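# What the coordinates show
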Amino acid sequence: MATGISIARHEPAARLAAFTRVATDSVDDAADAVGRIFCPHRLTPEHRTSPDFFALHNSAVFGGLSVNYVAYGGSVSIDPGCLERFFLLQIPVRGSARIETASCDIATAPGISASLLSPTNPTRMTWQDDCAQIILLIDRRILEQRAAALSGRPVGAVEFEPAVDLASSGGRTLQSQIMEFVDLAERLGPQRPLSPIAAANIRETLLGALLHGQRHSASDAIEQFGGRAEALPSSVRRAREFLNAHADEPLDLLQLAASAGIGIRALQLGFRRHFGTSISEMLRDIRLAHLNARLAAASSTDSVTDIAFELGFTHLSRMASAYRAKFGETPSTTLRAMH
């Protein structure tokens, strides 16, 4: 939606300029149009009749996630409540913002801090001083399914610590990866879709950076299921790596124990002690995680049955039941949702 305002006058260096969805100097039009892209919200300028107000929203969408450039003129308050359907990582590039969530209040500024909003936490924001942000939107279902795959637990709500330190290693990595995503979208333009393989690679990279680089409610479970590297015996680590590498093969405990260099009973006890699960349960969860990732990256012509058989599932009804218990939907639903 555009109302004839000069984008160049307001935003000469706007990113994703070929992907403009909203460009307006009307408060009501901005709230309505941006609300349709993200979610309904209240938008209140500090001075409602200020000639400085404008709203610009550029958005490039790539299956389950999008990268956005959003800017407001002047200072505005934004009250979306609970986001419900998605996570938002907001990286300021100009101005500043204050964010009030259920857990804490934070301030963000370019190069210093960003915000990561979870769908289950009510949120209010104030964007100040002609604030502009690069925003990554990730579908809630995709992130929660990946957290379940990494933690060995059923799908459940994931809530992140909302403050992201852009000076930290994890913060720098996130910002760098998202800006690479922006650069790629600009090179492709709106008429050239991202290939399924490239889209899957970007999704995997960003999910890994978020779930391993930023503290959240599933962090401890993911660390436990993955095994804390500093406390994990080399024998158990070798066995887990063997399971990952041979997940599409029948389980052979003798071969697994030989790869670990210890006896079968010691290995079974080691899995219980360090992962809180049995060897067969971990193998099932590894296979389910591989299946989830394969389905998310599959083409519309691929078959759930074929992929499941390739990963070692021979009892499809049991597989489907375990998949639904873990990810909250059937394998065919995951496959259809990605296309």
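### Remarks on the confidence of the model for the protein
- For the protein, the average pLDDT comes to 88, and 94% of its residues sit at 70 or higher.
- Least confident of the elements in the protein is helix α1 (residues 7–10), whose mean pLDDT is 54; most confident is strand β8 (residues 113–117), at 96.

### Looking at the side chain of Gln214
- With respect to the helices and strands, the residue Gln214 is situated in the loop between α5 (196–213) and α6 (219–226).
- In this structure the side chain of Gln214 is engaged in a polar contact, spanning 2.9 Å, whose partner is the backbone oxygen of Glu161.
- Beyond its immediate sequence surroundings of up to four residues, Gln214 is in contact with Leu116, Phe160, Glu161, Ala163, Val164, Ala209 and Ser219.

### Points about helix α4 (residues 169–188)
- When the terminal C-alpha atoms of α4 are compared, their 29 Å separation across 20 residues agrees well with the 28 Å that a helix rising 1.5 Å per residue should span.
- Buried residues in α4 make contact with β3 (55–61), β4 (65–72), β6 (86–101), β9 (123–139), β10 (163–165) and α5.
- Gly189, located one to two residues past α4, shows a positive phi value of around 75°.

### Here's the deal with the packing of helix α7 (residues 234–245) against helix α9 (residues 264–275)
- Here α7 crosses α9 at 90°, and the two axes come no closer than 10 Å. Taken as axis vectors, α7 and α9 run roughly perpendicular relative to one another. Packed against α7, whose contacting residues are Val236, Ala239, Arg240 and Leu243, the element α9 presents Leu267, Gly270, Phe271, His274 and Phe275 at the interface.
- Residues of the contact of α7 with α9, tallied by class, amount to six nonpolar, two polar and one charged.

### Comments concerning the packing of aromatic side chains
- In the structure shown here, the tally under the stated rule is seven aromatic pairs.
- Between Phe62 and Phe181 the ring centres are 5.4 Å apart and the planes differ by 45°, which places this aromatic pair in the tilted class. Taken together, the residues span a long stretch of sequence, with Phe62 in the loop between β3 and β4 and Phe181 in helix α4 at a distance of 119 residues.
- Following the ring pairs from residue to residue traces out a cluster consisting of Phe53, Tyr72 and Trp127.
- For Lys326, the ring lying beneath its charged end belongs to Phe327, and the centroid distance is 5.8 Å.

### A word on the pattern of salt bridges
- Applying the stated criterion across every chain yields a total of 13 salt bridges.
- For the salt bridge of Glu310 with Arg294, the shortest nitrogen-to-oxygen distance reads 2.5 Å. With Glu310 in helix α11 (residues 304–310) and Arg294 in helix α10 (residues 279–297), this residue pair connects regions lying 16 residues apart in the sequence.
- Ionic contacts of the salt-bridge type, sharing partners, join the residues Arg15, Asp183 and Glu186 into one network.

### Looking at the pairing of β4
- The element β4 is largely enclosed, with a buried count of eight among its eight residues.
- Residues Leu65, Val67, Tyr69 and Ala71 point to one face of β4 and Ser66, Asn68, Val70 and Tyr72 to the other, with burial holding for every one of them.
- Here seven bridges tie β3 to β4, and the two strands are oriented antiparallel to one another. Looking at the pairing, His57 lines up with Val70 of β4.
- Between β3 and β4, which follow one another and run antiparallel, lie three residues, and Gly63 among them has a positive phi close to 45°.
- For β4 and β9, the ladder comprises seven bridges, and the chain directions are antiparallel. Paired with Val67 across the strands is Leu136, a residue of β9.

### Quick notes on the nonpolar core
- Counting residues in each nonpolar core, the largest one holds 42 residues, and the members touching the most others are Leu89, Leu143 and Leu210.
- Mapped by element, the contributors of at least two residues to this core are β3, β4, β6, β8, β9, α3 (140–151), α4 and α5.
- Tallying contributions element by element places α5 first for this core, with seven residues.
- Once residues lying within four places of it in the same chain are set aside, the contact partners of Leu89 are Ser115, Leu116, Ile134, Ile135, Leu136, Val164, Leu174, Ile178 and Leu210.
- In terms of nonpolar packing, the next biggest core, distinct from the first, is built from 28 residues, Val70, Leu83, Phe86 and Ala97 among them.

Reading the values: the criteria
- Residues numbered from 1 in each chain as written.
- Predicted model: local features only at pLDDT ≥ 70, side-chain atom pairs only at ≥ 80, totals over all residues.
- Heavy atoms only, no water.
- pLDDT = per-residue confidence, 0-100.
- Helix = DSSP H or I, 4+ residues; strand = E, 2+ residues; numbered from the N terminus.
- Polar contact = N/O pair within 3.5 Å; in protein donor to acceptor, adjacent residues only side chain to side chain.
- Contact = heavy atoms within 4.5 Å.
- Expected span 1.5 Å × (residues − 1).
- Axes fitted to C-alpha atoms, helices over the stretch in contact; angles between N-to-C directions.
- Parallel < 35°, antiparallel > 145°, perpendicular 65-115°, else oblique.
- Nonpolar A, V, L, I, M, F, W, Y, C, P; charged D, E, K, R; others polar.
- Phe/Tyr/Trp six-rings, centres within 6.5 Å; stacked < 30°, edge-to-face > 60°.
- Lys NZ or Arg CZ within 6 Å of the ring centre and 35° of its normal.
- Salt bridge = Lys/Arg side-chain N within 4 Å of Asp/Glu carboxyl O.
- Buried < 20%, exposed > 50% of the residue type's maximum accessible area, 1.4 Å probe, protein only.
- Pairing = 2+ DSSP bridges.
- Core = buried A, V, L, I, M, F, W, Y, C linked by side-chain atoms within 4.5 Å.

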